[in-house]
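Spelled out, the chains give:
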Amino acid sequence: MKSLLIFVNCLLIAGTAPAQQIDLSGKVVDSLEQRPLKGASITLYDANGQKIQRLLTDSTGNFKTKTDSLLAKSASISFSGYKEKKILFSYDGLLKQYKLGTLYLYPEASSLTEVVVKGARPPVSFKIDRQVYKPSQFANAANGNGVDVIRNLPSMSVNGQGEISFRGSASFLVLINGKPTQGDPAFVLSQLAAGSIENIEIITSPSAVYDADGKSGIINIITKTGAEDGWMLQTNVMGGVPALNDFNNRRYTNPQRFSVDVSASYRKNKWDASGGFNYLRNDMAGFREGDVYTIINNIKTSFPSTGERSFSRYNYGARLALSYQPNQSNTISTGFYIGKRFQSRVADLLYNNSKTDLSNNSSTAFTYFNQNTQEKEGVFTLANLDYTHMFADKSKLSFSGLFERADLTGNTYNNNLRYPFIADTIQYTWNPTTNPLNAYRIKADYSKSIGRATFQAGYQFRYDEQNGNFVYLTKVLGTANFVTDPAFTSRVDVTNHIHAAYLQYGSSYKKLDYSAGLRLEESVRNLSFSQANAKSRLSLTNLFPSVQFRYKSWNRGVLKAGYSRRIKRTNNYELNPFPEREHSETLEQGDPDLLPEFIGNYEVGAEQTFSKGNFFVTLYHQRIANPIQRVNKIFNDTILNRVFTNAGRATQTGFETNITLQVTKWWQFIAGGNIYKYQIKGNIFNGTIAISNNSWVYSINSTQSFTLPDNWIMQLSINYLSLRATAQGEDSRFVTPHFTVKKTTKDQRWYAQFQWLYMDGGLKFSNRQRITTSGTNFFTTTNYIYEPDQLQFSIGFNLARKNRKINLPVSEMGEKEF
């Protein structure tokens, strides 16, 4: 009957006026990211609201159809996850074409509280060059930070030192809402509350649009977004119970763990403002046991040790961002950040030294107590200004600028005391350092769509300067005075500047999506040292090509392939040629002639989506020139010198995979992993020592989620990293299981959560790692035991349920020097 009425209505209209065919066209894009929405639905209606035609957008977000202007009076545009848009047509005369232009769809507003997933919504989706993960699926990270989220992803692992590895490498680039950061990834991610992250994009074959930095690729953190006028206030509070195991430590006997973070935002008409404040105290008790020996002139010196190795650490910061959009074509935004981070590492060790003459086996012994404290402190200030203009033809031009100031200071206190009378000092040294950094970045980008194709071009200039002052003082025993040791005291001045330009082209043909690009970079690194007025300069010009393919080969199945050339740049810490006292048995030293690593990344893979989840597998191969290694050599009979050096060439071949499966309505199964063979060959210390090492390495991350009645969720996760070969030895396996129980109120505004982190239960297998290195005349092994069985309670509240974009500035360059 309904179909008959539509037919009669069409006849009536046709009987009163002749049909007027016109070409109706337009483009549907995301309102925030300005990206085209493929598969968006356009439905045409007559004057009575009856549906007369439906069509979908293509891969570039465009649509075009012929329709009768006398019949079609309105349209609705919809896409999953976005608010429906309705428009009325107003025809002017006898038009042959009716161009709707660019139609912006706004993301659906949703609660900032973590969602209790009751359906089969997979936490991973796929795009041409990346995998996209939903952090809300990982309840074990709900009250943590970005690092707690990252450790759940198949390509990622976190070791006992807190270092993050992406496909086995700690070198990767972190983006925040598409903006690059130059800070240490672990530090940058630790500054982001997990609750503020909407998506995490893993880009293993980046295009030329992105910085070439990062050996393994790029991690893009997308903060939660929204487009409605309104306000939001979100707050979370966490507290940890006293340590269940403090290892009977002498100095740090009561680790403190608590946090509070507040985020607020407001949008009205043309203005958008957001701000935030966070404080985190996250101490950790620990223990260390090690064994070292050296052989010099047939004398073997052994110095095994045991004792406390604990951390006291806190950070806090405030952020403010402001955006103004005077019209549809122009947007201006600015941001400001100031924050402080402090860390104190205690290593109080009892050494049992002995010397043995290997020619006659005669020996002597000596026991002493080493009290070592290393403090690092940084005050970071950051300001940015961005401008974007949209032209009439919908091409886009954007400019951005950033300034960063980092006031970095540190102190290392090393006190060797007689034992058991630890009031008697044998030697006391103090190493104060100042290392301020000023950094700048300016960037311009242009993009334009031409039919199915998209063209992009851009230029970027980066500059930073750092003036480090490293002092080594030795106390005059019996007095309060210190004297400077010129052998370990120096001033190091470093400047870096990088010019970069890129071209990128992408399009599609039938079932194939493809893109290709080329990035040109010219970089200059200048170093100067106060000792002997020494200088060093490194000038490089490099091309970084990239290409990506994605072919829809079968039902919901995709084949993909890609190549990109990447670079791992040196940081100032790796370049400082003057030894710094790490603790009693170790000095650390850089190399001013250190070369950057260059990496060729090749990969092929497949993706499959099915009704209850999805699956992917990727094979990859990396060829690495100038791999940077931290290796040991003897400084004297009781001190090893850790030195950064290039070590020939290396290769890495492996595959990564992940499966997500909604086993039942209440059980979601997620498991992923990465397995690869790493091989390194070459020479170190100016060719004097040949090295060759290889091993298979694998990591497994698994999360089992159980949705219970009344908005309860229970989750068990485990992260496992296998034994890994290094240039002179190996790092042992590292395992961290976690358990979480969470209750959310019906209105999604409150939640309460209990976490049992680093589960161990006295089995002595969790949160510990042994690191071993050796050479022809030395051997060292150290077992780091970090506090297991950490219990935490947290509560969160959202005053308003508007889902707003928390797009706050993040410190870019100085934090890696912390």
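Focus: the packing of aromatic side chains
- Applying the stated rule across the entire model yields 26 aromatic pairs.
- With a centroid separation of 6.1 Å and 15 degrees between ring planes, the pair formed by Tyr279 and Tyr316 is classed as stacked. With a gap of 37 residues between them, Tyr279 in strand 18 (residues 271–282) and Tyr316 in strand 21 (residues 305–327) connect regions that are remote in the sequence.
- Note on Tyr316: relative accessible area 33%, which makes it partly exposed.
- The ring of Tyr293 has Lys300 lying over it, and the distance from NZ or CZ to the ring centre is 4.4 Å.
- Over the face of the ring belonging to Phe544 we find Arg565, whose NZ or CZ atom lies 5.5 Å from the ring centre.

Details of the sheet that holds strand 1 (residues 21–30)
- The three strands are arranged 4-1-7 in an open sheet whose pairing can be described as mixed. A single partner strand is all that each edge strand has here, and the edge strands are strand 4 (62–68) and strand 7 (97–105). Direction aside, neighbouring strands of the sheet carry axes that sit 20 degrees apart on average.
- Here seven bridges tie strand 1 to strand 7, and the two strands are oriented parallel to one another. Following the sheet pairing, Lys27 is matched in strand 7 by Thr102.

Looking at the sheet that holds strand 6 (residues 85–88)
- Ordered by their spatial adjacency, four strands build an open sheet running 3-2-5-6, and the pairing between neighbours is antiparallel. Where the open sheet ends on each side, the last strands, each with one partner, are strand 3 (51–56) and strand 6. Each strand axis lies, on average, 20 degrees off the axis of its neighbour in the sheet, ignoring direction.
- Bridge count for strand 5 (residues 74–78) against strand 6 is four bridges, and the pairing is antiparallel. Bridging from a neighbouring strand, Ser74 pairs with Leu88 of strand 6.

Focus: a nonpolar patch on the surface
- A contiguous nonpolar surface patch, about 350 Å² in accessible area, is contributed by Trp231, Leu233, Val262 and Tyr266.
- Listing elements by their share of the nonpolar patch, those giving two or more residues are strand 16 (230–240) and strand 17 (257–268).
- With respect to the element layout, Trp231 can be found in strand 16.

Considering the pairing of strand 50 (residues 790–798)
- Bridging between strand 16 and strand 50 involves seven bridges; their strand directions are antiparallel. Within the sheet, the bridge partner assigned to Asn236 lies in strand 50 and is Gly796.
- As defined by bridge partners, strand 47 (residues 750–757) adjoins strand 50 across eight bridges and the pair is classed as antiparallel. Paired with Trp756 across the bridge in strand 50 is Leu791.

Quick notes on the rules
Residues numbered from 1 in each chain as written. Predicted model: local features only at pLDDT ≥ 70, side-chain atom pairs only at ≥ 80, totals over all residues. Heavy atoms only, no water. Phe/Tyr/Trp six-rings, centres within 6.5 Å; stacked < 30°, edge-to-face > 60°. Helix = DSSP H or I, 4+ residues; strand = E, 2+ residues; numbered from the N terminus. Buried < 20%, exposed > 50% of the residue type's maximum accessible area, 1.4 Å probe, protein only. Lys NZ or Arg CZ within 6 Å of the ring centre and 35° of its normal. Pairing = 2+ DSSP bridges. Axes fitted to C-alpha atoms, helices over the stretch in contact; angles between N-to-C directions. Patch = residues over 30% accessible without salt bridge, like charges linked within 9 Å, V, L, I, M, F, W, Y side chains within 5 Å. Areas by Shrake-Rupley, 256 points an atom, 1.4 Å probe, with all protein chains shown as cover. Salt bridge = Lys/Arg side-chain N within 4 Å of Asp/Glu carboxyl O.

Bear in mind that shape data such as this cannot, by itself, settle questions of function.
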